[in-house]
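Survey of secondary and tertiary structure
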Amino acid sequence: MELQGTPSQHGFYFPAEFAPQEQVWLAWPDRPDNWRENAKPAQLAFVEVAKAISQHTLVSVAASPNQFLNATLMLPEHINVVEMPLNDAWMRDIGPTIVINDAGERRGISWQFNAWGGDVDGLYAPWDDDDRVAAQVCELLTLDHYRAPFVLEGGAIHTDGEGTLYTTKECLLSAGRNPHLTQAQIEAYLAEYLSVQKIIWLPDGLFNDETNGHVDNLLHVIAPAEVVLSWCDDPDDPQYEISRRALAVLENSTDAQGRVIKVHKILIPGPLFLSESEAAGIDASEGMKREAGERLGGSYANFLMCNQKVFLPLLDSARDQQAIDILKAALPDYEIIGIPAREILLGGGNIHCITQQIPQALASKTC
């Protein structure tokens with residue numbers, strides 16, 4: 001049921017990704033103008049991600065009617081496949097953000113979705129099927145939900161679950177999302193819908209990220225007052241200055257609880273580029289640039305944390321192990337599970353982008 005009012009008014013808040021999770025949702029890729037070779041390589045990659053997560057947590061996958069049978073046959077039987085109209089496969093952005101309260105109840109938020117920019121710089125049209133996904137997932141989970149009055153995607157926000165939200169100005173202040181809203185008005189909406197007390201605004205997202213700089217490609221919150229930051233040591237790389245501007249903000253900020261923020265730097269893979277053969281397998285599109293030589297938005301920060309596991313995209317044999325080692329040191333109580341993910345990256349995102357966690361209902365909030 002769609003609810004009136006806001007989560008904050010009703011005592012609900014946005015829990016951290018490292019809080020206990022009940023299940024994880026994905027959506028099945030099939031757009032030939034985003035995924036090469038009619039999405040067959042991407043589908044194999046999605047299967048590996050779903051299989052890895054499903055060994056530890058319940059997994060559901062939404063698939064469009066024309067792909068439902070294919071997804072059902074390709075995925076293991078213990079993974080729940082749900083038929084649902086889709087425009088693409090980015091469940092982080094089209095699925096619901098789940099909020100919880102101290103009584104152990106859960107509700108969903110359906111953000112307005114316009115394909116990362118609508119008529120200004122959106123990546124595809126139409127996007128109406130994707131815009132309905134969050135409400136449908138909530139209905140399947142028998143969760144009431146709120147319909148937010150503004151455009152937002154799940155990949156644009158990270159939280160510590162204790163009142164702090166991280167995002168980027170490049171994304172939330174972009175012309176194609178909410179041009180009628182000021183930064184202060186957006187902050188007020190985020191406070192109402194996520195019950196956060198402090199928003200840390202990073203200037204930009206990862207270089208050449210076609211989502212207008214989603215925070216989840218640049219940074220990941222791994223614990224209260226502790227983050228992983230995509231880093232670059234090459235002064236000639238555009239990412240060099242982007243990462244340093246982000247670090248400056250983090251070093252000069254405290255979180256909602258007044259804590260200094262600890263930053264773990266992880267070098268970006270590559271840089272990585274779309275190859276001739278990969279580009280040749282993608283249908284032409286007005287919205288999405290898919291040309292040989294294009295810089296890919298590769299990032300090790302785009303992982304999923306789920307019940308003491310980290311599902312990490314493997315993207316560069318020269319850098320993968322270093323990323324694993326840094327995360328093992330930062331998260332000694334977690335198992336780091338690497339999954340080859342270049343095929344997901346070719347579509348414009350990675351493991352965090354294609355997943356959306358459904359938190360467990362907790363008995364009480366810990367601060």
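This section reports on the structure supplied with the text. (Residues numbered from 1 in each chain as written. Predicted model: local features only at pLDDT ≥ 70, side-chain atom pairs only at ≥ 80, totals over all residues. Heavy atoms only, no water.)

1. Observations regarding the overall build of the chain
The following threshold applies: Strands are runs of DSSP state E lasting at least two residues, helices are runs of H or I lasting at least four, and both sets are numbered from the N terminus onward. Radius of gyration here is computed from C-alpha atoms only, and the compact-globule reference equals 2.2 Å multiplied by the residue count raised to the power 0.38. Whether a residue is buried, partly exposed or exposed follows from its accessible area with a 1.4 Å probe, protein chains only, as a fraction of its type maximum: under 20%, in between, or over 50%, in that order. Contact definition: two residues touch when any of their heavy atoms are within 4.5 Å. Surface accessibility follows the Shrake-Rupley procedure with a 1.4 Å probe radius. Residue values consider only the protein chains on display as shielding. Residues scored as positive are Lys and Arg, those scored as negative are Asp and Glu, and His as well as the terminal groups of each chain are ignored. Lysine's charge is taken at NZ, arginine's at CZ, aspartate's at CG and glutamate's at CD.
A tally of helices and strands in the chain yields 11 helices and 17 strands. Compactness check: the chain gives a C-alpha radius of gyration of 19 Å against a globular reference of 21 Å for 367 residues, within 12% of the reference. If one aligns the C-alpha atoms of the chain with their principal axes, the spans along those axes are about 50 × 50 × 45 Å. Looking at the chain residue by residue over its 367 residues, the buried ones come to 61%. In the chain, once contacts between residues fewer than 6 apart in sequence are set aside, the share between residues at least 24 apart is 75%. As displayed, the chain has an accessible area near 13800 Å², and 49% of this comes from carbon and sulfur atoms. A gap of 4 Å separates the mean positions of the 25 positive and 51 negative side-chain charges of the chain.

2. Quick look at the pattern of salt bridges
A side chain of one charge can pair with a side chain of the opposite charge if their charged atoms are brought near each other. Our working definition: Each salt bridge in this description consists of a side-chain nitrogen of Lys or Arg and a carboxyl oxygen of Asp or Glu lying within 4 Å of one another.
Enumeration according to the criterion identifies 16 salt bridges in this entry. Put simply, E343 and R36 hold a salt bridge, and the shortest N to O gap is 2.6 Å. Remark: R36 occurs in the loop between β2 (21-27) and α1 (40-54) and E343 occurs in helix α11 (residues 342-345); sequence separation between them is 307 residues. With a relative accessible area of 18%, E343 lands in the buried category. Across the pair K51 and E48 runs a salt bridge, and its minimum N-O distance is 3.5 Å. One end of the pair, K51, and the other, E48, are both in helix α1, 3 residues apart, so they sit about a helical turn from each other. Its relative accessible area of 40% is what places E48 among the partly exposed residues. In the salt-bridge network here, residues are joined through shared partners; they are D160, E162, D255 and R259.

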